[in-house]
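Structure assessment
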Amino acid sequence: MHLAVLTVVAVFITCGVYLLLDRTLLRVVIGLGLLSNGVNLALLASGGLGPGAAPILGHGSAAIVDPLPQALILTAIVIGFGVTALLLTLAFASYQSQLSDDLEDLHGRLDDE
Amino acid sequence: MMNNLCVLPVVIPMATGVLLMLTQARPALSRAIAISGNILSLGVALALVETVRADGIQVLAFGNWPAPFGIVFTVDMLSALMVAVTMVVSTATLLFASVSLDDLHKKNFFYPLFQFLLMGVNGAFLTGDLFNLFVWFEVLLVSSYGLMALGSQAYQLQETFKYLVINALSSALFLIGVALIYGATGTLNMADLVFKFPALADSGMAGVIAVIFLVVFGIKGALFPLYVWLPRAYYGPPTVISGLFGGLLTKVGVYALFRTVTLFFAPGSTFVLPLLSFVAGATMLLGVLGALSQWDFKRILSYHIVSQIGYMIMGLAIYTPLALAGGIFYIIHHILVKTSLFLVAGAVEKRYGTTNLRALGGAADGSPLLATLFMFAGLALAGAPPLSGFVAKFMLLRSGLEAANHLVVAVSLVVSFLTLYSMMKIYRYAFWRQEAENAIVVQGEPVRTFAIAALVTLSLVLGLGGAILLPYVEIAAAQLLDPVAWGTVVLEARVR
Amino acid sequence: MPAVFLAAALPFVVSPILLLFRRPDRRAGLLSAAACAGAFACFVSVALGASPATVALPWIGPLGLSFSLHADPLALFFALLITGVGFLVAAFATSYLDSNENFPRFFSFLMLFTGSMLGVVLSSNLMALFVFWEMTSFSSFLLIGFWHHRERSRYGALKALVVTGSGGLAMLLGFIMVGIVCGSFEIAVLAERGALLAANPWATPAVLLIIAGVLTKSAQLPFHLWLPSAMEAPTPVSAFLHAATMVKAGLFMVARLGPLLSVVPLWTPTLALFGLLTMTWCGWLALRQKDLKALLAFSTVSQLGLILVLLAPAEPDTTAAGLLHLLNHACFKGALFLLVGVLEHELHTRDLSLMGPLRRNMPFTWLLIALAALSMAGVPPMGGFVSKELFLDHLLNGHPLLALLAVAGAVLTAAYCFALAAGLAAGRRPDGPRGQDPSLSLLLPPALLVAATVGLGIFPDQLVGAPVAAATLAATGSSVTGHFAVWHGAGPSLWTSAFAVSMGLALWWGWWQKRVPPASTLIADRVYDHALEQLETRARRLTASYMSGILWRYCSVILLTVIVGVAVVAASQGFVIQDGWSSRHAGPWDLAVCATAILAALATLKARTRLAAILALGASGFSLALMFALSAAPDLALTQIMVETISVPLFLAVFAFLPPYQVDRVRRARPLHAVLAVAAGLGTALLLAASRSQRVAEPISSFFVEKSVDAAGGHNVVNVILVDFRALDTLGEITVLGVAAIACYAIIKLLSEKEAGR
């Protein structure tokens, strides 16, 4: 299983980084989304990927998977959601005030620099 | 030692922040609440410093779950000092902000965001858990996004967007690092890692993880070559917010480097310290050259943040008791002085409506006290005697020479000189010359000046009275240099 | 309170008090003069033995730093000079400055300087000495730039700070090296540990660094450039700082540290050589100046060179001669500066070639100038004669080439002194401006200084023999063999002196009067200007080259750093990729979901419309949720589904306002980006595999499984971790959500208010 998961991690991060390095606002945001998906999966993999049951006790004495990475991922997902919402707001507001979604235009170099 | 005091620097700002969300509509009341909250936290922080001095490292295990299983706050002298100086500068900044920001900002969550930022900063200084550190980083970052964009000017929005993307990338790296550490050691507690991390050295895994975290904290701490995001991001927001960021935020990254490098990255590694030494020199030099290229009060100061970070890292890289003590002295000095310089920029901006040096002039005639304060703070930044910067720089130079690290010593001297030159450039253009025609006399100047004067006085006190602070930074350095003792204390802490 | 402490602290106490005076208040000047007089009296009482000479003041003991004061005879010699001249200058300035000047600020800076200068000479700790040394530079910066609305003042102030400040930093390094080698920063302790220094390889670099400090502060070649520019300061400042005291700090340092540092063979010859070259070359430059203050500035530099030559050997006889000339120079040069100030005040020019005849109109002023100039020229029976005799005596016994340089210097000095005195007497323009002698309050301070230099010529031994001998003993540890006298008997030095004066007269009469060679820009000045300009230009170019403000470049830098760093470290640390990971077997569902996830991710790259891209991202998120579900993580799966369900519409809503979707706008750098992306993805996967394969300890999570039900009362371990074991993470997480919400609200609200206002 780990080979399959690692492949997905690699593809998510590759695609995420490639999009992150784009000039278009939306593609950067999508890239970050993919990147954070890949990272969450990496966290899950660090727990070992089974074999084992879901970490809910009381269903017999079967071995369960490592619960800690799952807790970390939950925290990371929620934090990531908050940050993504803010990122979207900023992207929207930035576009509204600059009327460009090309990051080459949004360089921020001022005349007096 | 278990101590419940440890959590208050996080709880008080949080409670204050929540309360302040309810008092949005009444700026005067908000201001009173915010300042009271800050002073309360400051008191707690000072009490923590004294407790650590008297009783050693303090630990608080949340929910009484002992380390390494539950999350612990671990307060050694470095943490306590960082929290204390955070509360000092944030109180001064808050005072300044209360008479310099307009209602537009104050009624749109300035005060709550400010408190949540403090919550995150203090949490990062106090926690002894790697993933919890990530969470506090996110708390402070998300608050900083809010503050940085506060005002919704076009420039602010676009720069905050970039700042956010870069920090999100850094957070992703942080989590990859956490995954690697957990994968290899099965733990997240820093004290536990002190004992488990060295086992990774043989396979090269330790080095790889070290690089990843150096980059993560290097982005936050604005180290070469990762500081590119900083100058423009700090230019956008109202100057008083830039001042808070300039003093505090990068120092959280620097703190994390001091913490993790001394606990597990440096012991047993052959490359971490030489690498840091190189990075320190490059950061100093490129930062100051960036400052020399600028003609704006705020942007010059922003580049100097970068440059000054190099000195702190220099202390870490030399890695002797004197060097680490010097590095910590430098951090404390820098937080005070850099914030006061930004506040001077803010006061000048209030008076003349610009921070462009070419458009400014004659502030020494218009506001002699401000000129004096700038002179002191600027000289302190350049490490001129007898101010706080000199004591710190003396410790660094001496330890660098003793450790025969000649190159970084030479670079640091050249950079000191260029810093002095750069500060005098501001003085010559903004404070000397004919007074600009467009002087606007605005209210609130006495309060602003008071806030700056308090910080500058502290710098002078730390310079002339360096003997007061020295024992504390020496304790901090000794604790950092003995990670095994630190780890043991944390792991063996039990409820009294 | 010991008198030494009182005297040293007085200027620092007075300095801020002065700022409380109102702007046109001349009483600020009187207070300053009184402070100087008070300090002077204190030092006299110390010199007479009525008060202890040492005060212990702690600073940072563990680092070896202290502010202790030690007023030995050498320090007292300088302290009396500083406060004495300081008193006269403050008194002079009180009447000299125009009534619309900012008196409080001027005198506050002046007192700051006085205190710093006293600190330099009184400090018994090398680091404290450095502290005050730098403070003299800063106060000098403020005083030179006192008329800061003038461009030349700002230029001069900066130049002085740049030159003396950089020298100071070099010296700091030298001091710390000396302190480390000798194990102390206390000067008294250091003096006994010369042997330690001599045996250490750091000795030579340390001494060279300290020499750099001395040469910059005392404006010796090639650092002489700052002093002429510093003449933009108000004239009392020039007289006090740039003739009588601050520029002598370097000389003081040579006298103070000479016995220690002369154990390094380089010390004496280097200083002597620089001193001699400066004396001669700047004498020549002085001769070519038309601006009186520039002439005096170059002459000061030249005279400082002379004194440096005498102090460099750290031997008693030459040191005594050096100290005597230092005193002489303070008197005649201080007087000359003040008198030039008077001229400028009266005639509104400092240009020698524009002045009318003075002897008739301003007889007293002219007389004082002439007497001071004669003393500088070394004409008997003036003070300058006595010390210049000793100087020639010293050098005629040395290397012939050095002797030649010394004589040349003396000739040039005599020549410009005659040019000054005689040139002013007749005036080069009969129709030039004519003033009249100023009031007594302006004439008295220079007159006292001139009287002093005349007195030093006639009764040198009676007036200062004892103090100079005591200072020499304190500086070198040995006693002077001879004594000062105006008549030494007819020896080689007298003949040389006579020769120099007559040659100087001839040079002035025969050549200078007919054809004044124009003064050109200093080479050092051109180097300085060019260097600063280049510094700023190159800094700007360098910074602009990488501060592009373009996000993908910044991200590339970060990614490149981490990828290269990890690769290099992994290669050098013997990193092995291994697969020792036992995970569960992947079933067909697993593979199908993984394949979907990969396809969805690739689809985000290929999507040509905004809707497709967002949906592809959503698809990757939902496949991730399925992977969670299949990997025994039901809570994660639920959360992920919830988050994706909210995110996708949010994306669509926000980006509905954007312009048409553009793909791959960056063409040129895309291959590099692809490499970075693949390296990042592949690297992460490989590292993850490696980290899992070599786990060194059992995970801490078994504790959670164990305690979940019994101690925490929950069956779902993940939930128990979130709300109990690691509840603090959850607190932070909720805070992040809340803060993100208010931040979004604030941004949108302010944005829409702005739009509405537009």
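Residues numbered from 1 in each chain as written. Chains lettered and ligands numbered in written order. Predicted model: local features only at pLDDT ≥ 70, side-chain atom pairs only at ≥ 80, totals over all residues.

All right, on to the overall build of chain C then. Along chain C, the regular secondary structure elements total 30 helices and four strands. Against the globule reference of 27 Å for 758 residues, chain C gives a C-alpha radius of gyration of 38 Å, more extended than a compact globule. Principal axes of the C-alpha set define a box for chain C whose edges measure 115 × 65 × 50 Å. Burial status across chain C gives 57% buried among its 758 residues. (Helix = DSSP H or I, 4+ residues; strand = E, 2+ residues; numbered from the N terminus. Rg over C-alpha atoms; globule rule 2.2 N^0.38 Å. Buried ≥ 20, exposed ≤ 12 C-beta atoms within 10 Å, placed from the backbone.)

If you tally the helices and strands in chain A, you get three helices and zero strands. When the elements of chain A are put in sequence order from the N terminus, they spell out α-α-α. Computed over C-alpha atoms, the radius of gyration of chain A comes to 19 Å, more than 25% over the 13 Å expected from 2.2 N^0.38 for 113 residues, which places it beyond the range of a compact globule. For chain A, the residues scored as buried account for 72% of the 113 residues in total. Across chain A, every contact between residues at least 6 apart in sequence was considered, and the portion connecting residues at least 24 apart equals 48%. (Contact = placed C-beta atoms within 7 Å.)

A separate point is the interface of chain C and chain B. Contacts between the two partners involve 85 residues from chain C, matched on the other side by 91 residues from chain B. Here the side of chain C that touches chain B gets 17 residues from one element, more than from any other, and that element is helix 30 (residues 727-757) of chain C. Its residues assigned to classes, the side of chain C that touches chain B comprises 55 nonpolar, 17 polar and 13 charged. (Nonpolar A, V, L, I, M, F, W, Y, C, P; charged D, E, K, R; others polar.)

Residue and element names in this part refer to chain B. With 16 residues, helix 9 (residues 205-220) extends 23 Å from end C-alpha to end C-alpha; this agrees with the ideal 22 Å at 1.5 Å per step. Of all 16 residues making up helix 9, 16 are buried, and the element is well covered by its neighbours. One or two positions beyond helix 9, positive phi appears at A222, with a value near 60°. (Expected span 1.5 Å × (residues − 1).)

Let us look at the interface of chain C and chain A. Counting from both sides, the interface comprises 88 residues of chain C and, opposite them, 78 residues of chain A. The set of elements that each furnish at least two residues to the side of chain C that touches chain A consists of helix 23 (551-572), helix 24 (588-606), helix 25 (610-630), helix 26 (634-655), helix 27 (670-693), helix 28 (701-710), helix 29 (717-725) and helix 30 of chain C. In terms of residue class, the side of chain C that touches chain A is built from 57 nonpolar, 22 polar and nine charged.

Residues and elements named next belong to chain B. Here helix 17 (residues 388-402) contains 15 residues, and its C-alpha end-to-end distance of 22 Å stays within 8% of the 21 Å for a straight helix at 1.5 Å per residue. Where burial is concerned, most of helix 17 is hidden: 14 out of the 15 residues are buried. Trailing helix 17 by a residue or two, A404 shows a phi angle of about 55°, which is positive.

Take the packing of helix 2 (residues 27-47) of chain C against helix 4 (residues 103-122) of chain C next. Residues and elements named next belong to chain C. Contact geometry for helix 2 and helix 4: axes closest at 9 Å, N-to-C directions at 15°. Considering the angle they form, helix 2 stands roughly parallel to helix 4. By crossing handedness, the relation of helix 2 to helix 4 is classed as right-handed. Residues A28, G29, S32, A35 and C36 of helix 2 form the contact with helix 4, whose participating residues are F103, P104, F107, L110, M111 and T114. Considering only residue class, the contact of helix 2 with helix 4 consists of eight nonpolar, three polar and no charged. (Axes fitted to C-alpha atoms, helices over the stretch in contact; angles between N-to-C directions. Parallel < 35°, antiparallel > 145°, perpendicular 65-115°, else oblique. Left-handed = near helix turned anticlockwise from the far one by under 90°.)

All right, on to the pairing of strand 2 (residues 72-75) of chain B then. Residues and elements named next belong to chain B. Because side chains alternate across strand 2, one face comprises the buried residues V72 and T74, and the other comprises F73 and V75, equally buried. Relative to strand 2, strand 1 (residues 58-61) is paired through four bridges, and the arrangement is antiparallel. Within strand 2, the position partnered with L60 by the bridge is F73. (Pairing = 2+ DSSP bridges.)

All names here are of chain C. In the contact formed by helix 1 (residues 3-18) and helix 2, the axes pass within 8 Å of each other and the chain directions differ by 170°. One element, helix 1, and the other, helix 2, form an angle in the roughly antiparallel class. Contacts between helix 1 and helix 2 involve A3, V4, L6, A7, L10, P11, V14 and L18 from the first element and A28, L31, S32, A35, G38, A39, C42, F43, S45 and V46 from the second. Grouping the amino acids of the contact of helix 1 with helix 2 by side-chain chemistry returns 15 nonpolar, three polar and no charged.

With 583 residues, the main nonpolar core has V9(A), L81(B), V178(B), I212(B), I328(B), V344(B) and A743(C) as its most contacted residues. In terms of residue count, helix 14 (residues 321-352) of chain B provides more of this core than any other element does, 20 residues in total. Beyond its immediate sequence surroundings of up to four residues, A743(C) is in contact with L86(A), L113(B), V142(B), Y145(B) and G146(B). (Core = buried A, V, L, I, M, F, W, Y, C linked by C-beta atoms within 7 Å.)

A few words now on unusual backbone geometry. Residues and elements named next belong to chain B. Put simply, F224 and P225 share a cis peptide bond, and its omega is -10°. As for its position among the elements, P225 is in the loop between helix 9 and helix 10 (230-233). Following P385, the chain continues into P386 via a peptide bond in cis, with omega recorded as -5°. Unusually for a residue other than glycine, F109 sits at a positive phi of about 75°. Note that F109 resides in the loop between helix 4 (103-106) and helix 5 (110-126). For F109, a count of 25 C-beta atoms within 10 Å translates into the label buried. The phi dihedral of A404 falls on the positive side, at around 55°, and the residue is not glycine. Here A404 is to be found in the loop between helix 17 and helix 18 (406-431). For A404, a count of 8 C-beta atoms within 10 Å puts it in the exposed group.

This brings us to the environment of A282(B). By secondary structure assignment, the location of A282(B) is in helix 12 (residues 272-292). Between the C-alpha atom of A282(B) and that of S412(B), which follows or precedes it by 130 residues, the distance is 10.0 Å.

Residues and elements named next belong to chain B. Position of A451 among the secondary structure elements: in helix 19 (residues 445-464). Residues A451 and T23, spaced 428 residues apart in sequence, show a C-alpha to C-alpha distance of 24 Å. Residues within four places of A451 in sequence aside, it is in contact with A92, L95, F96 and L343.

Below, the discussion takes up the confidence of the model for chain A. Looking at chain A, the pLDDT average stands at 90 and 97% of residues meet or exceed 70. Mean pLDDT across the elements of chain A bottoms out in helix 3 (residues 67-98) of chain A (93) and peaks in helix 1 (residues 2-20) of chain A (95). (pLDDT = per-residue confidence, 0-100.)

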